[in-house]
Amino acid sequence: SNHSKQRRGGGVTAKPIMFLLSNLVVVCSGWQALPSATLSFTGLCAVAAKGDMTDQHGAPSFLERKRKRREGPWIAVLTEPDACVSEGRMEETFSALENAISSRCVDLVSIRVSFSLSEDSEDIPTQQARLISLIQRVNSLKGQDDLDFILVVNDNIDAAIDGGADGVHVKEKFAPSIPSVRENFTERSGRSSCIIGTSCHSIESALLSNSYRPDYLFVGTCYLTKSHPEKTAIDMLEGPELPGKVKSALSSTEQRIPPLIFAIGGIDETNAKEPIEFGADGVAAIRSILCASDPAHVAKAINESS
């Protein structure tokens, strides 16, 4: 069955710890943790009403922007959490992202980085600087050969703004912070709108998150994946049907176009078609694309298989 097609999916000082805590506060309340230059970024809000293909400020909606480019499912690519643990790892991540984006099949890039607090790791400001560098380099790919994609950063407003990203991905438990994050982002960047998404693992969580008007949702876990090692058997998964069920639930309660629904968790070219058939707008992949010898080939295969 499709369910069986799985992929392998000195001590720390007080200052770096406070840095991490302050970034947590940024996500929860929109407070500015670190001095940041006000850099421009492109971003688009969720549309205000069904049938309206522009956001409240008149910019082309997320949906319209993509559909002008190509048909097929939406495809998101997420980095692994250790993407900035070293210069070598960052270069490896950027090279894989650049290759994947060159396929013209990637619509959303989510730079998801966790800072290391181990005794032999670099200090947090150094890791933050490397993250900003990665964001800037990925952002610089926009416009090259007419490449077009949305770039978001997980949980780190300062890095997202300083790097020129389009928005932020907020953890599921921090979904209530979405309005304040959006306001903070637009005020500090000088832009009228931004992209904000979150994750959910149930219809109930999706309904709650949707009340805060995210632009997209990552919904899973669809298949076995290294991202959720605690889920060791198929019966512990939410399954490939959940994204479609979430979309249906949100569509039935919304007076506006609902957020885009990306199926996530163990997605690769062999199973991406299944959650799309169940109703998801697209799929989100991590290792199946970025760990491939040819990321662009896998991104195209996912697009064509769905």
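Residue positions are given per chain, counting from 1 as you read along its sequence in written order. Restriction of local features to residues with pLDDT of at least 70 applies here, the model being predicted, together with a cutoff of 80 or more for giving and counting side-chain atom pairs; totals for whole chains, interfaces and linings are based on all residues. Side-chain descriptors were evaluated using all non-hydrogen atoms of the structure, hydrogens and water having been removed beforehand.

## Remarks on the sheet that holds strand β1 (residues 74-78)
The pairing of strands in a sheet comes from backbone hydrogen bonds and takes either a parallel or an antiparallel form. Heads up, the condition is: Whether two strands pair comes down to DSSP finding at least two bridges between them. Each helix is a run of DSSP H or I of at least 4 residues and each strand a run of E of at least 2, with the numbering of both proceeding from the N terminus. Only C-alpha atoms enter the line fits that serve as axes; for helices the fit covers just the stretch in contact. Angles between N-to-C directions range over 0 to 180 degrees. Contacts were defined at the residue level, with two residues in contact if any of their heavy atoms lie within 4.5 Å.
A barrel is described by the order of its strands in space; here eight strands give the closed sequence β1-β2-β3-β4-β5-β6-β7-β8, paired in parallel fashion. Direction aside, the axes of adjacent strands within the sheet are offset by 25° on average. Bridge analysis of β1 against strand β8 (residues 282-285) gives four bridges, and the strand direction is parallel. Paired with Val77 across the two strands is Ala285, which belongs to β8. Relative to strand β5 (residues 195-200), helix α7 (residues 203-210) is tilted by about 155°, and along the sheet it contacts β5 and β6 (216-219).

## Topic: the nonpolar core
The line we're drawing: What we call a nonpolar core is a set of buried Ala, Val, Leu, Ile, Met, Phe, Trp, Tyr and Cys residues that are connected through their side-chain atoms within 4.5 Å. Accessible area is worked out with a 1.4 Å probe on protein chains only. A residue is then buried under 20% of its type maximum, exposed over 50%, and partly exposed in between.
Within the largest apolar cluster, 56 residues are counted, with the highest numbers of intra-cluster contacts made by Val109, Ile111, Val138 and Ile289. Among all residues touching Ile111, those that are not within four sequence positions of it are Thr79, Leu131, Leu134, Ile135, Val138, Leu151, Val152, Val153 and Asn154. Listed in part, the 14 residues of the second largest apolar core include Tyr216, Phe262, Ile264 and Ala284.

## Focus on the environment of Leu290
Examined against the element boundaries, Leu290 turns out to sit in helix α10 (residues 287-290). Judged by relative accessible area, which is 13%, Leu290 ranks as buried. Each C-alpha atom, one on Leu290 and one on Asn99, is 8.8 Å from the other, the two residues being 191 residues apart in sequence. Not counting residues up to four positions away in its chain, the partners in contact with Leu290 are Val77, Leu78, Thr79, Ala96 and Leu97.

## Overview of the packing of α7 against helix α8 (residues 242-253)
Quick note on the threshold: Roughly parallel here means an angle under 35 degrees, roughly antiparallel means over 145, roughly perpendicular means 65 to 115, and every remaining angle is called oblique. Helix crossings get a hand from a simple test, with the near helix turned counterclockwise from the far one by less than a right angle marking a left-handed crossing and a clockwise turn marking a right-handed one.
The geometry of α7 relative to α8 is characterised by a closest axis approach of 10 Å and an angle of 45° between their N-to-C directions. The pairing of α7 with α8 is recorded here as oblique in orientation. Here α7 and α8 pass one another in a crossing that is right-handed. Of α8, the residues touching α7 (which contributes Ile203, Ala206, Leu207 and Asn210) are Leu242, Lys245, Val246, Ala249, Leu250 and Thr253.

## Quick look at the packing of helix α3 (residues 87-101) against helix α11 (residues 295-305)
The relative placement of two packed helices is expressed as an angle between their axes plus a distance between the axes. Stated precisely, the cut-off is as follows: In this count, Pro and Cys sit with the nonpolar residues alongside Ala, Val, Leu, Ile, Met, Phe, Trp and Tyr, while Asp, Glu, Lys and Arg are called charged and the others, Gly among them, polar.
For the pair α3 and α11, interaxial distance at closest approach is 7 Å and the crossing angle is 45°. Between α3 and α11, the crossing angle belongs to the class labelled oblique. For the crossing formed where α3 meets α11, the hand is right-handed. Contact residues: Ala96, Asn99 and Ala100 in α3; Pro295, Ala296 and Ala299 in α11. For the contact of α3 with α11, the residue count by class is five nonpolar, one polar and no charged.

## Re the packing of aromatic side chains
What characterises a pair of aromatic rings is the spacing of the ring centres plus the angle enclosed by the ring planes. Quick reminder of the rule: Stacked, edge-to-face and tilted labels apply to pairs of Phe, Tyr and Trp rings (six-membered ring for Trp) whose centres lie within 6.5 Å, assigned for plane angles under 30 degrees, over 60, and everything in between, in that order.
Evaluation of the coordinates by the stated rule reveals four aromatic pairs. Relative to Phe262, the ring of Trp74 lies with its centre 6.4 Å away and its plane at 80°, an arrangement referred to as edge-to-face. In this pair, Trp74 is assigned in strand β1 and Phe262 in strand β7 (residues 260-264), connecting sequence segments 188 residues apart. Relative accessible area serves as the criterion here: at 1%, Trp74 is assigned to the buried category. With a centroid separation of 6.0 Å and 85° between ring planes, the pair formed by Tyr216 and Phe262 is classed as edge-to-face. Of this pair, Tyr216 sits in strand β6 while Phe262 sits in strand β7, placing them 46 residues apart in sequence.

## Notes on the pairing of β5
Cut-off, in case you're wondering: Note on handedness: a clockwise path from strand one over the helix to strand two, with the strands aimed away from the viewer, defines a right-handed crossover.
Counting buried positions over the six residues of β5 gives six, a clear majority of the element. What you see with β5 is no split at all: Ile195, Gly197 and Ser199 on one side and Ile196, Thr198 and Cys200 on the other are buried throughout. Relative to β5, strand β4 (residues 167-170) is paired through four bridges, and the arrangement is parallel. Bridging across to β5, Val168 finds its partner in Ile196. Between β4 and its parallel partner β5, the chain crosses via helix α6 (residues 178-189), and the hand of that crossover is right-handed. Bridge count for β5 against β6 is four bridges, and the pairing is parallel. Of the residues in β6, the one forming a bridge with Thr198 is Leu217. What joins β5 to β6 is α7, and the crossover it makes is right-handed.

That is the geometry; function is a separate question.
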